[in-house]
Amino acid sequence: MPLYETVLIARNDISQQQVDAIIDGVIAQVEADGGSVKKREYWGLRTLAYRIKKNRKGHYVLLGLEMKAEMLKEIERQLAINEDVLRLLALRVDEIDEAPSPPRARTGDDRGERGFRGPKPAGRFESGRGGRRSSEDREEYRARDEKPAEAAGAEGE
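Values in this document were obtained by computation on a predicted structure and should not be read as measured data.

1. Focus: the overall build of the protein chain
Working step 1: Within the protein chain, the regular secondary structure consists of 4 helices and 4 strands.
Working step 2: Scanning the protein chain from its N terminus toward the C terminus, one meets helices and strands in the order β-α-β-β-α-β-α-α.
Working step 3: A total of 157 residues make up the protein chain; the buried ones form 27% of that total.
Working step 4: Counting contacts in the protein chain only where the partners sit at least 6 residues apart, residues at least 24 apart contribute 72% of the total.
Working step 5: Only carbon and sulfur atoms are counted for the fraction: they give 47% of the accessible area of the protein chain, which is about 11,400 Å².

As structure tokens, this is what we get:
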């Protein structure tokens, strides 16, 4: 049987459990027809490149399926009717890669491995970074106060 990779985008209004229910229905249809699911990845709620049906975000799901072409057409038809599904793309592939797909592989794994970067440096003032500054510490107030003093000094000479 041919292999297909299918990416599905669902509305952001629905919960992840509802997305899983949609996918479970697709998987049940595929397995009832004699096909099998080789890969299933939930990519999460991601920002869309442009609005689709007034939605700015969507739940992304990748499926690796082994099934007949007629079954694929039926699944595409049923998902097109479903109001919760924004887009569906199915491609025929020679083989399904078992490794995590690129969007799944880079989801925050490197953030925790940075390690300790040392103490935070002190800010511009003695209070340190992020502390409350008084109005006298701001440059524009200091510059404003210095000008009248310089003008008075120049008149006295």
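Once the structure has been displayed, the description carries forward.
2. Points about the packing of aromatic side chains
The description of two aromatic rings rests on the distance between their centres and on the angle between their planes.
Working step 1: According to the stated counting rule, one finds 1 aromatic pair in the structure shown.
Working step 2: Seen in terms of ring centroids, Trp 43 and Tyr 60 are 6.3 Å apart; in terms of plane orientation they differ by 20°. Their pairing is stacked. Remark: Tyr 60 occurs in strand β3 (residues 55-66) and Trp 43 occurs in strand β2 (residues 36-52); sequence separation between them is 17 residues. Residue Trp 43 shares its accessibility class with Tyr 60, and that shared class is buried.
Working step 3: Here Arg 46 stacks its cationic end above the ring of Tyr 60, 5.9 Å away from the centre of that ring.

3. Some words on the nonpolar core
Working step 1: Within the largest apolar cluster, 19 residues are counted, with the highest numbers of intra-cluster contacts made by Ile 23, Met 67, Ile 75 and Leu 79.
Working step 2: Sorting the residues of this core by element identifies β1 (3-11), α1 (16-32), β3 and α2 (69-81) as the ones contributing at least two each.
Working step 3: With 6 residues, α1 is the largest single contributor of residues to this core.
Working step 4: Listed in part, the 7 residues of the second largest apolar core include Ile 9, Trp 43, Leu 48 and Leu 86.

4. Quick notes on the side chain of Lys 39
Working step 1: Here Lys 39 is to be found in strand β2.
Working step 2: Within the local environment of Lys 39, its side chain forms a polar contact with the backbone oxygen of Asp 97, the two atoms lying 2.9 Å apart.
Working step 3: Ignoring anything within four residues of it in the chain, the contact list for Lys 39 reads Leu 62, Leu 63, Gly 64, Ile 96, Asp 97, Ala 99, Pro 100 and Ser 101.

5. Some details on empty space enclosed by the protein
Working step 1: Enumeration over the complete set of coordinates arrives at 1 cavity of 30 Å³ or more.
Working step 2: Looking at the largest cavity, its volume works out to about 60 Å³.
Working step 3: Together, Thr 6, Leu 8, Ile 23, Val 26, Leu 63, Leu 65, Leu 72, Ile 75, Glu 76, Leu 79 and Leu 88 line the largest cavity.
Working step 4: Ranked by the residues each element gives to the lining of the largest cavity, the list is headed by α2, at 4 residues.
Working step 5: Tallied by class, the residues present in the lining of the largest cavity amount to 9 nonpolar, 1 polar and 1 charged.

What counts and what doesn't
Residues numbered from 1 in each chain as written. Predicted model: local features only at pLDDT ≥ 70, side-chain atom pairs only at ≥ 80, totals over all residues. Heavy atoms only, no water. Helix = DSSP H or I, 4+ residues; strand = E, 2+ residues; numbered from the N terminus. Buried < 20%, exposed > 50% of the residue type's maximum accessible area, 1.4 Å probe, protein only. Contact = heavy atoms within 4.5 Å. Areas by Shrake-Rupley, 256 points an atom, 1.4 Å probe, with all protein chains shown as cover. Phe/Tyr/Trp six-rings, centres within 6.5 Å; stacked < 30°, edge-to-face > 60°. Lys NZ or Arg CZ within 6 Å of the ring centre and 35° of its normal. Core = buried A, V, L, I, M, F, W, Y, C linked by side-chain atoms within 4.5 Å. Polar contact = N/O pair within 3.5 Å; in protein donor to acceptor, adjacent residues only side chain to side chain. 1 Å grid on protein atoms, 1.4 Å probe; cavity = no way out; pocket = protein on both sides within 12 Å on 5 of 7 lines; lining within 4 Å. Points joined across faces, edges and corners; volume = space filled by probe spheres on them. Nonpolar A, V, L, I, M, F, W, Y, C, P; charged D, E, K, R; others polar.

All quantities given are derived from atomic positions and should not be read as evidence of function.
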